[in-house]
Amino acid sequence: LWVDGKLVVNNDGIHAPQEKSGSVKLTAGLHKLVVGVFNLGGGIELKVAVQGPGLGRRDAGALVQLTPEGNPKPPEPVR
């Protein structure tokens, strides 16, 4: 999970579903959010939630807007 180009959560690797978290201080306004996922086989789960002062934990989907260009190109994987 990248926010404004900064890696905030890294849950890379081959493993059963597991929750990871990170934090970033945001200013008021819009921020670029990029979520990457891959699947080597088997089932797949992807959940992204946000939480902050005055904002209880909630699904991030309702807060996301696509750019006019559609889905942006994903960043290179972290190695």
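Thresholds, definitions, all that
- Residues numbered from 1 in each chain as written.
- Predicted model: local features only at pLDDT ≥ 70, side-chain atom pairs only at ≥ 80, totals over all residues.
- Heavy atoms only, no water.
- Helix = DSSP H or I, 4+ residues; strand = E, 2+ residues; numbered from the N terminus.
- Buried < 20%, exposed > 50% of the residue type's maximum accessible area, 1.4 Å probe, protein only.
- Contact = heavy atoms within 4.5 Å.
- Areas by Shrake-Rupley, 256 points an atom, 1.4 Å probe, with all protein chains shown as cover.
- Patch = residues over 30% accessible without salt bridge, like charges linked within 9 Å, V, L, I, M, F, W, Y side chains within 5 Å.
- Salt bridge = Lys/Arg side-chain N within 4 Å of Asp/Glu carboxyl O.
- Pairing = 2+ DSSP bridges.
- pLDDT = per-residue confidence, 0-100.

Re the overall build of the chain
- Check the secondary structure of the chain and you find zero helices and five strands.
- When the helices and strands of the chain are read in sequence order from the N terminus, they spell out β-β-β-β-β.
- Counting only residues that meet the buried cut, the chain has 10% of its 79 residues in that class.
- For the chain, the share of sequence-separated contacts (at least 6 apart) that also reach a separation of at least 24 residues comes to 44%.
- Of the roughly 6900 Å² that the chain leaves accessible, carbon and sulfur atoms contribute 54%.

Concerning a nonpolar patch on the surface
- Where nonpolar side chains cluster on the molecular surface, the patch consists of Leu-33, Val-35, Val-37, Ile-44, Leu-46 and Val-64 and spans about 500 Å² of accessible area.
- Summarising the element assignment, Val-37 is placed in the loop between strand S3 (33-34) and strand S4 (49-52).

Structural notes on the environment of Lys-20
- Tracing the chain through its elements places Lys-20 in the loop between strand S2 (6-7) and S3.
- The sequence separation of Lys-20 and Asn-10 amounts to ten residues, and the corresponding C-alpha distance is 7.4 Å.
- Apart from the residues lying within four places of it in its own chain, the contact partners of Lys-20 are Val-9, Asn-10 and Asn-11.

Here we look at the sheet that holds strand S1 (residues 2-3)
- Reading across the sheet, the three strands line up as S2-S1-S3 and stay open at both edges, with antiparallel pairing between neighbours. The sheet is open, and its two edges are formed by S2 and S3, each paired on a single side.
- As paired elements, S1 and S3 share two bridges and run antiparallel to each other. Residue Trp-2 lies in a different strand from S3, and its bridge partner there is Val-34.

Brief notes about the confidence of the model for the chain
- A residue-level look at the chain finds 90% of positions with pLDDT of 70 or above and a mean pLDDT of 84.
- Here S3 stands out as the least confident element of the chain, with mean pLDDT 88; S2 is the most confident, with 95.

Observations concerning the environment of Gly-42
- With respect to the helices, strands and loops of the structure, Gly-42 is situated in the loop between S3 and S4.
- Among the residues examined, Gly-42 registers a relative accessible area of 68% and is labelled exposed.
- Between the alpha carbons of Gly-42 and Ala-16 there is a distance of 9.6 Å; along the sequence they are 26 residues apart.

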